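# Analysis of the macromolecular model
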Amino acid sequence: MSSTATRSVTVVDLGLRPYAEVWEFQKQLLERVAAGESGDVLLLCEHPAVITLGRKATVEADVLDAARFPIFPIERGGEATYHAPGQIVGYPILYLEEAERDLHRVLRNLEEINIRALARHGVEACRRPGLTGVWVGDRKVTSVGLAVRKWITYHGFALNVSNDVSGFEAIRPCGLTAEVMTSVESLVGRPVALEEVKRDLVIAFAEVFSRKAIAGDVSLAPLFPYPERGTGSGSGLPSS
């Protein structure tokens, strides 16, 4: 198989979609990638308000208001988080070559993507020792949680851009208090266009994962075919 530096990732912006629908779609994509029927894919989307529980979370320990939002226990690592419109969720469905099979490094790469994208908006973000996600001072702006099957990643990251972070009050986000959560708009004090942040995330994704980003067509049903592994070169932007 060719070097990851020559591979492409197809970026598909799904818009606002129910959590269950995109969760199922990730698993279908994973199987297609495993079968060699699809190349790597990055899904970007928003979700209606929903709580997800990672493998370390339980309703009893991590949900404070179970009646407020739908709840999905899922396969990813980590604890509880909250999704809502205005938050950009990224789901990388990536086949990890042998040189990439360091899951801690993959998590750090997902954080790095967000750090670079935030820098383009004048936000100096960082990691915090012992904690996942991306932080600005003592406030968390991006949550990260990953699952891997057959050396293919799914689930991913959630960047709070313009969403109302008060929804985090229904949970203990990643075992913390809701007060730690913030958004890009709160940090910069002005409206921020989701499309601009998505573009910045894609630029950073291509750089960090050494893949050429190309645009997928959301009108396809299902969203195939994708490029075969080993096509393309370098890093780039989705075409318009």
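For the structure itself, consult the block above.
Here's what I pulled together on the structure shown here. (Residues numbered from 1 in each chain as written. Predicted model: local features only at pLDDT ≥ 70, side-chain atom pairs only at ≥ 80, totals over all residues. Heavy atoms only, no water.)

One pass over the structure, following the stated rule, counts six aromatic pairs. Seen from their ring centres, Tyr19 and Trp23 are 6.1 Å apart, and the 40 degrees between their planes marks the pair as tilted. Residue Tyr19 and its partner Trp23 are located together in helix H1 (residues 19–34), separated by four residues, close to a single helical turn. When sorted by exposure, Tyr19 lands in the same class as Trp23, which is buried. Aromatic side chains Trp23 and Phe72 sit 6.1 Å apart centroid to centroid with 85 degrees between the ring planes, which places their arrangement in the edge-to-face category. (Phe/Tyr/Trp six-rings, centres within 6.5 Å; stacked < 30°, edge-to-face > 60°. Helix = DSSP H or I, 4+ residues; strand = E, 2+ residues; numbered from the N terminus. Buried < 20%, exposed > 50% of the residue type's maximum accessible area, 1.4 Å probe, protein only.)

Further remarks concern the pattern of salt bridges. This model, assessed by the stated rule, comprises 19 salt bridges. In this structure, the salt-bridge partner of Glu111 is Arg108, at a minimum N-O distance of 2.7 Å. Of the two residues, Glu111 and Arg108 both sit in helix H3 (residues 103–119), three residues apart, roughly one turn of that helix. Arg127 serves as the salt-bridge partner of Glu111, at 3.0 Å between the closest nitrogen and oxygen. Of the two residues, Glu111 is situated in helix H3 and Arg127 in the loop between H3 and strand S7 (134–136); the sequence distance between them amounts to 16 residues. When its relative accessible area of 1% is taken as the criterion, Glu111 is described as buried. Taking the relative accessible area as the measure of exposure, Arg127 reaches 34% and is therefore partly exposed. (Salt bridge = Lys/Arg side-chain N within 4 Å of Asp/Glu carboxyl O.)

What follows concerns the sheet that holds strand S3 (residues 50–53). Taken in spatial order, the three strands of this open sheet run S4-S3-S5, and their pairing is mixed. If you trace the sheet from one side to the other, it starts and ends with strand S4 (71–73) and strand S5 (80–83), each paired once. Averaged over all neighbouring strand pairs, the angle between strand axes comes to 25 degrees, with direction disregarded. Judged from the three bridges that link them, S3 and S4 form a sheet pairing that is parallel. Across the sheet, the residue bridging to Thr52 is Phe72, located in S4. (Pairing = 2+ DSSP bridges. Axes fitted to C-alpha atoms, helices over the stretch in contact; angles between N-to-C directions.)

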